[in-house]
Amino acid sequence: MEKRSERIVTSTIRIAGSSSILFLMLIFIFLLREGLPTIGEVPLERLAGERWYPIEDLYGILPLISGSLIVTVFSILIALPLGVGTAIYIGEIAPQSVKEVLKPMVEILAGIPSVVLGFIGILVLSPFLRRAFDLATGLTALSGAILLALISIPTIASITEDALYAVPSSYRYAAYALGATQWQTIWGVAIPAARRGILTAVMLGIGRSLGETMAVMMVTGNAPTIFSGLGSFTAPVRTMTATIASEMGEVATGSIHYHVLFFIGILLFIFSLIINITSSTSTERPREEKAQVVS
Amino acid sequence: MNSLFEIGKRRRLVNRNTAQEIGFWGIRLITLFTVLPILGIVVYIVIKGSPAISLEFLTQMPRDGMRAGGILPAITGTFYLMAGTALFSIPLGIAAGIYLAEYATDNAWTRAIRIAIISLAGVPSVVYGLFGLGLFVLFFGFGISILSASLTLSIMTLPVVISTTEEALRSVPYEFRVVGLSLGGTQWQTIRKVILPEAMPGVVTGIILGLERAVGETAPILFTGATFFLPRLPRSPLDATMALPYHIFVISTQVPGMPIQIQYGTVLVLIAFVLGMNLIASIIRSRARARRQW
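All values reported here derive from a predicted model rather than from experimental measurement. (Residues numbered from 1 in each chain as written. Chains lettered and ligands numbered in written order. Predicted model: local features only at pLDDT ≥ 70, side-chain atom pairs only at ≥ 80, totals over all residues.)

Chemist: I'd like to hear about the overall build of chain B, residue by residue, with values.
Modeler: Scanning chain B for helices and strands turns up 12 helices and two strands. For chain B, the C-alpha radius of gyration of 25 Å lies well beyond 19 Å, the compact-globule estimate for 294 residues. A principal-axis box enclosing the C-alpha atoms of chain B has dimensions of 85 × 65 × 40 Å. When burial is assessed residue by residue, chain B has 47% of its 294 residues classed as buried. (Helix = DSSP H or I, 4+ residues; strand = E, 2+ residues; numbered from the N terminus. Rg over C-alpha atoms; globule rule 2.2 N^0.38 Å. Buried ≥ 20, exposed ≤ 12 C-beta atoms within 10 Å, placed from the backbone.)

Chemist: Lay out the overall build of chain A in plain terms, naming residues and giving numbers.
Modeler: Each helix and strand in chain A was counted, giving 15 helices and two strands. Structurally, chain A occupies a C-alpha span of about 75 × 70 × 35 Å along its principal axes. Looking at chain A residue by residue over its 295 residues, the buried ones come to 49%.

Chemist: Help me get a handle on the domain arrangement of chain B, residues and values and all.
Modeler: Residues and elements named next belong to chain B. Domain boundaries assigned for chain B yield domain 1 (2-52) and domain 2 (55-291). If you average the C-alpha positions of domain 1 and of domain 2, the two centres end up 37 Å apart. With eight residues of domain 1 at the contact, the number on the domain 2 side is eight residues. Each residue belonging to the side of domain 1 that touches domain 2 can be placed in one class, and the counts come to five nonpolar, two polar and one charged. (Domains from an automatic or database assignment. Contact = placed C-beta atoms within 7 Å. Nonpolar A, V, L, I, M, F, W, Y, C, P; charged D, E, K, R; others polar.)

Chemist: Explain unusual backbone geometry residue by residue, including any values.
Modeler: All names here are of chain A. Even without a glycine there, the phi angle at Asp-57 is positive, about 60 degrees. Mapped onto the fold, Asp-57 is located in the loop between strand 1 (52-53) and strand 2 (58-59). For Asp-57, a count of 11 C-beta atoms within 10 Å translates into the label exposed. A positive phi is found at Asp-134, a non-glycine position, where the angle reads about 55 degrees. Topologically, Asp-134 is positioned in the loop between helix 7 (114-133) and helix 8 (141-166).

Chemist: Kindly report on the interface of chain B and chain A, identifying the contributing residues and their values.
Modeler: Facing 67 residues of chain B, the contacting portion of chain A comprises 68 residues. Counting residues per element, the side of chain B that touches chain A draws most heavily on helix 2 (residues 16-49) of chain B, at 17 residues.

Chemist: Kindly report on the packing of helix 4 (residues 72-103) of chain B against helix 7 (residues 146-170) of chain B, identifying the contributing residues and their values.
Modeler: Residues and elements named next belong to chain B. The contact between helix 4 and helix 7 brings their axes to 6 Å, and the two run at 35 degrees. Crossing of helix 4 against helix 7: the hand is right-handed. Looking at the contact of helix 4 with helix 7 residue by residue, the classes come out as 19 nonpolar, nine polar and three charged. (Axes fitted to C-alpha atoms, helices over the stretch in contact; angles between N-to-C directions. Left-handed = near helix turned anticlockwise from the far one by under 90°.)

Chemist: Provide a residue-level description of helix 10 (residues 182-193) of chain A, including the pertinent values.
Modeler: Note: α-helices contain 3.6 residues per turn, so residues at a spacing of three or four share the same orientation. Looking only at helix 10 of chain A, the buried set comprises Trp-183, Thr-185, Ile-186, Ala-190 and Ala-193 of chain A. Down the axis of helix 10 of chain A, the smallest arc covering the buried residues is 140 degrees, so these residues share one side. (Arc of directions from axis to C-beta.)

Chemist: Quick one: what's the story with the environment of Arg-232 of chain B, residue by residue and with numbers?
Modeler: Note that Arg-232 of chain B resides in the loop between helix 10 (219-222) and helix 11 (244-253). Taking the C-alpha atoms as reference, Arg-232 of chain B lies 9.8 Å from Leu-72 of chain B; in sequence the two are 160 residues apart.

Chemist: Could you give me a rundown of the confidence of the model for chain B, with the residues and numbers involved?
Modeler: Any residue range with low pLDDT should be treated as having predicted coordinates unsuitable for detailed reading. Residues and elements named next belong to chain B. Of all residues in chain B, 95% attain a pLDDT of 70 or more, and the chain-wide mean is 89. Per-residue pLDDT stays below 50 along residues 1-5; that stretch engages in zero contacts with residues further than four places along the chain or on separate chains. ipTM for the predicted complex: 0.90, alongside a pTM of 0.90. (pLDDT = per-residue confidence, 0-100.)

Chemist: Which residues make up the packing of helix 5 (residues 108-122) of chain B against helix 7 of chain B, and what values do they have?
Modeler: Residue and element names in this part refer to chain B. Two elements in contact, helix 5 and helix 7, have axes whose closest approach is 8 Å; the angle formed by their N-to-C orientations is 135 degrees. With respect to each other, helix 5 and helix 7 are oriented oblique. Considering only the axes of helix 5 and helix 7, their crossing is left-handed. Where helix 5 abuts helix 7, its residues Ile-117, Leu-120 and Ala-121 lie against Leu-158, Pro-159, Ile-162 and Ser-163. Its residues assigned to classes, the contact of helix 5 with helix 7 shows six nonpolar, one polar and no charged. (Parallel < 35°, antiparallel > 145°, perpendicular 65-115°, else oblique.)

Chemist: So, the environment of Thr-225 of chain A: which residues are in play, and what are the values?
Modeler: Residue and element names in this part refer to chain A. Examined against the element boundaries, Thr-225 turns out to sit in the loop between helix 12 (214-219) and helix 13 (240-247). For Thr-225, a count of 19 C-beta atoms within 10 Å puts it in the partly exposed group. Along the backbone, Thr-225 and Arg-238 are 13 residues apart, and their C-alpha atoms lie at a distance of 7.1 Å. Among residues more than four places away in sequence, those in contact with Thr-225 are Pro-63, Ser-232, Ala-235, Pro-236 and Val-237.

Chemist: Go over the nonpolar core with me, naming the residues and quoting the values.
Modeler: Taken as a class, soluble globular proteins show a tendency for nonpolar side chains to be buried jointly. In this structure, Val-116, Ile-156, Ala-215 and Ile-264 of chain A together with Ile-248, Val-267 and Leu-270 of chain B are the most contacted members of the largest nonpolar core, which totals 174 residues. Looking at this core element by element, the count peaks at 15 residues for helix 8 of chain A. In this structure, this core is formed jointly by two domains, domain 1 (2-52) and domain 2 (55-291) of chain B, each of which donates at least three residues. If near-sequence neighbours (up to four positions away) are discounted, Ala-215 of chain A is found in contact with Ser-114, Leu-117, Gly-118, Gly-121, Leu-147, Leu-148 and Ile-151 of chain A. (Core = buried A, V, L, I, M, F, W, Y, C linked by C-beta atoms within 7 Å.)

Chemist: So what's going on with the environment of Ile-122 of chain A? Which residues, and what values?
Modeler: For Ile-122 of chain A, the position within the fold is in helix 7. When the C-alpha positions of Ile-122 of chain A and Gly-211 of chain A are compared, they lie 20 Å apart, and in sequence the two are 89 residues distant. For Ile-122 of chain A, the contacting residues outside a window of four places in its chain are Met-218 and Val-219 of chain A together with Ser-252 of chain B.

Structural data, given as structure tokens:
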């Protein structure tokens, strides 16, 4: 009796343990199921077109990809120095008491729902940017990028901090023994030793930015335009995620438009898989590297 | 050689201690630049939103096309979604965490599970929405409902619950397991009676953080369970529901002439919800840390 219940529990736990694989496959299968018909309905060269205008059957997804890339790249340019700088401060410089205040603060930022950031973006950030840069509208790629930076900073900061923490203290002692200042040690030893972790942090930050929906949809103005030089930063754009979120509610199930939106979902899913799998394998490597340093 | 050394000396523009001072101040400034917006946003919302908060606001149905009255259906909807998500993701997440920490050996299958968990954690929220629409709403025929939305949010929350459960179990010292087994307990008895209770604070923290994320999400419920307006509260899990994050989206972008105070009030309620859960999680964590004897 005892043995049988034990076996039931154990096998239940084993099945539950593998559930993640099942769900990941289910997501992929159902995206394919609803998205693949696109290939037969819209010729590939029109899918790669430069105009997204579903009412006239124009399903060019280039402007959407361009929009996603513009806000993502720009947001990382903002979030990288801020996130890494904050991590250096928390991990290397700040006294314990300051650290205990700062860490929860960054956690709070991670917890603020993106719809709230979008709300602040509409009411505070966009009007401010419109006045500051004298724009026709405040709903631009720039506003989106700033909000995305806020969203990816906690990811970048916490992973960078972990990476700095993982640098053995013997490295630092060696640098001090050679007469380096703390600052020289941070720049010359700790950061180079943590570079893989920092790279992972940036990749996951990119993943967060690329996949973020609500904040971007609310502040980027949602005009599907293609990147055309620096002016694109202060012009409205439309991202892949925002397109799905704003149009899926209005399309008829099974229509071409519906299939194309799922097709965009497939692209997003594949992007996120590539980013997450490559960054997860790159964090495992330092172990060999450290072994090399020791030998 | 000598001249090279001289050049090296001359090119060092600032003393290295000065360089350190400048560098440290630069980093401090960057940190300030990161932290100020966080504080600013929270304080601003509290100041702008608190005048709207009243018993009526929290307990009444909306009136005049949501331009007056309360936000009761959005609050209860968020509670329903949270309960539904907890119902599915807690047992499954804890079981999967137990598997990874206690049963799994380091083989290809386990590595595949880990990659799947990492991948699930990175899937964009709107893609979860599409998946929920395809599987739960259409394929299973649950329709736009609390059930579909909760299931979608559960799968999204799962990676957080699994990883924190595993981490909490792993932090329980190996000796506890040896003692449990040596007293004649089976592996499952040892886990249930010894390991899990010790790891409970960590597990609960993970669950709260996972649910906190689910409560704030909008994109996954857009086409799986959220609705613009309900004249009454949902009566069954197969009803659609209003929810705080979606409500904020609707009243800030879709309803013209929406009183600004109601908007800030609604945002404040959601922020209080989320930060409250965050606070509870960190209290549990620090209490457990203080009490821990190993």
